[in-house]
Amino acid sequence: MPDHVKDPLDQAVTLQAPAKMTLSLRVTGVRPDGYHTLDAEMVSLSLADRLVLGPGEGLTIEGEGASAGDDSVKWVGVTSDNLVTRALALVGRTASVQLTKHIPAGAGLGGGSADAAAILRWAGWTDLGAAARLGADVPFCVVGGRARVRGIGELVERLPFRALDLTLLTPPLGASTPAVYARWDALGGPSGDNGNDLEPAALAEVPELAKWRHRLGDASGQVPRLAGSGSTWFVEGHHPGPGHRLVSTVPAAP
Ligand SMILES: C[C@@](CO)(OP(=O)(O)O)[C@H](O)COP(=O)(O)OP(=O)(O)OC[C@H]1O[C@@H](n2ccc(N)nc2=O)[C@H](O)[C@@H]1O
Ligand SMILES: Nc1ncnc2c1ncn2[C@@H]1O[C@H](COP(=O)(O)OP(=O)(O)O)[C@@H](O)[C@H]1O
């Protein structure tokens with residue numbers, strides 16, 4: 001058992017929870033339960049939430065929320081279905097948790113999954129099938145770094161780290177993951193022509209997303225790609241601009 005698990009509550013433990021970026025995403029099928037199978041490349045980002053664990057119980061959340069002035073941190077919610085609370089329950093541990101959000105919620109950056117994965121890593125949890133029951137993005141976030149992800153997200157094959165700078169633009173609107181997958185079904189399973197099969201479905205579901213793609217495209221001279229089911233757009237390289245987040249890939253934690 002790792003040292004930090006022996007007596008974790010005697011003193012505070014600080015955990016980093018890196019956001020994930022889905023660099024490419026192909027939907028390869030639909031399971032009988034309605035979940036979609038994927039073939040995706042995911043990477044961890046320098047953008048991260050912070051969790052401070054201490055003795056006792058209870059969750060507090062603070063943070064600036066999403067970009068463009070949207071206070072979406074409000075809808076993270078300190079409830080029993082918060083992914084931090086559910087991760088603690090899965091590993092059978094108690095702790096007080098102070099969560100500082102830097103990853104905008106509902107932005108396709110896996111913020112909640114990253115927080116849950118930080119708890120699983122701290123507890124030494126390695127069952128990625130069970131981790132996927134918290135959320136399909138949680139297994140990748142447990143492994144981190146760079147990986148090919150298949151199944152509904154539970155099959156994670158590590159890939160060598162690749163340093164990459166990215167510019168993100170997160171619109172002040174969320175894209176609901178279940179709604180985007182449902183729209184992909186309704187559209188007959190379209191392929192994305194820019195590396196992400198969910199992009200046409202997300203644009204059909206939330207047409208306002210197109211405005212933000214144009215904005216980042218104009219600023220960077222590239223064709224932005226949608227992060228997973230959205231709502232964040234990204235391009236390669238660092239392109240400073242209003243509301244732009246300049247991030248880099250980070251290797252898996254040792
Ligand atoms: C699309 C992706 C790509 O990385 O994420 P985002 O980039 O938007 O965060 C993931 O597949 C999202 O994973 P995650 O956000 O963890 O989804 P979950 O909470 O597990 O699932 C929410 C809902 O999305 C649908 N869902 C999710 C994952 C999957 N492989 N097939 C699905 O059909 C299901 O309807 C499910 O009830
Ligand atoms: N600790 C958490 N941080 C962020 N969102 C959370 C958390 N726990 C639960 N959620 C919920 O998860 C949903 C998706 O948020 P998030 O994981 O940040 O985005 P996405 O799935 O778009 O990558 C939101 O509806 C949010 O309320």
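Predicted, not measured: the structure shown is a model, and the values here were computed from it. (Residues numbered from 1 in each chain as written. Chains lettered and ligands numbered in written order. Predicted model: local features only at pLDDT ≥ 70, side-chain atom pairs only at ≥ 80, totals over all residues. Heavy atoms only, no water.)

### So, the UniProt feature "binding site: ATP" (unreviewed entry) in the protein chain
Basically, it comes down to this: UniProt positions are given in the numbering used here, feature names are shortened, and annotations may be inferred rather than shown by experiment. Think of it this way: any DSSP run of H or I at least four residues long counts as a helix, any run of E at least two long counts as a strand, and we number them from the N terminus. Residue contacts are counted whenever heavy atoms from the two residues lie within 4.5 Å of one another. Three exposure classes are used, based on accessible area relative to the maximum for each residue type with a 1.4 Å probe and protein chains only: buried under 20%, partly exposed in between, and exposed over 50%.
Annotation from UniProt places "binding site: ATP" (unreviewed entry) at P104, A105, G106, A107, G108, L109, G110, G111, G112, S113 and A114. With respect to the secondary-structure elements, G108 resides in the loop between strand 4 (96-101) and helix 3 (111-122). In this view, G108 contacts K20, A227, G230 and S231; residues no more than four positions away in its chain are not counted. Of note, G112 is situated in helix 3. According to the relative accessible area criterion, G112 is partly exposed, its value standing at 26%. Once residues within four sequence positions are removed from consideration, G112 is found in contact with L83 and K101.

### A short note on the site of ligand 1
Counted only if it meets this: Nearness is judged by heavy atoms alone; a residue qualifies as near a molecule or strand once a single heavy atom is within 4 Å of it. In protein, a polar contact means a hydrogen-donor-capable atom and an acceptor-capable atom, both N or O and within 3.5 Å, with residues adjacent in sequence counting only if both atoms are side-chain atoms; elsewhere, any N or O pair within 3.5 Å suffices. Using the Shrake-Rupley algorithm and a 1.4 Å probe, accessible areas are obtained, with residue cover drawn only from the displayed protein chains. Classes in brief: Ala, Val, Leu, Ile, Met, Phe, Trp, Tyr, Cys and Pro nonpolar; Asp, Glu, Lys and Arg charged; the others, Gly included, polar. Either an automatic procedure or a domain database provided the assignment from which the domain bounds are taken.
Around ligand 1 there are 20 residues in total, and K20, H36, A136, Y181 and S229 lie nearest to it. Note that an oxygen atom of ligand 1 is positioned 2.8 Å from one of the backbone N or O atoms of A136. In the complex, 83% of the free accessible area of ligand 1, which totals 700 Å², lies under the protein chains. Secondary structure elements with two or more residues in the shell around ligand 1: strand 1 (13-30), strand 2 (36-54) and helix 6 (177-186). A per-class count over the shell around ligand 1 returns nine nonpolar, nine polar and two charged. In terms of domain composition, the shell around ligand 1 takes at least three residues from each of domain 1 (3-21 + 44-143) and domain 2 (165-250).

### Here's the deal with the pairing of strand 6 (residues 155-158)
The condition that has to hold: Two strands are counted as paired when DSSP detects at least two bridges linking them.
Sheet topology places strand 5 (residues 146-150) next to strand 6; four bridges connect them, and they run antiparallel. Note on strand 6: the bridge partner recorded for V149 is V156. Between strand 5 and strand 6, which pair antiparallel in sequence order, lie four residues; one of them, G151, sits at a positive phi of approximately 65°.

### Examining the packing of helix 2 (residues 83-91) against helix 3
What describes two packed helices is the angle between their axes and the distance between those same axes. For the record, the criterion: Whenever a helix is involved, its axis is fitted only over the stretch in contact; in every case the axis is a line through C-alpha atoms, and angles between N-to-C directions fall within 0 to 180 degrees. Working rule for angles: under 35 degrees goes down as roughly parallel, over 145 as roughly antiparallel, 65 to 115 as roughly perpendicular, anything else as oblique. With the far helix as reference, a near helix turned anticlockwise by less than a right angle produces a left-handed crossing, and one turned clockwise produces a right-handed crossing.
Close contact between helix 2 and helix 3 brings their axes to 8 Å; oriented N to C, the two are set at 25°. Between helix 2 and helix 3, the angle is such that the two are roughly parallel. Handedness of the crossing formed by helix 2 with helix 3: right-handed. Contact residues: L83, V84, A87, L88, L90 and V91 in helix 2; G112, S113, D115, A116, I119, L120 and W122 in helix 3. In the contact of helix 2 with helix 3, the residues fall into 10 nonpolar, two polar and one charged.

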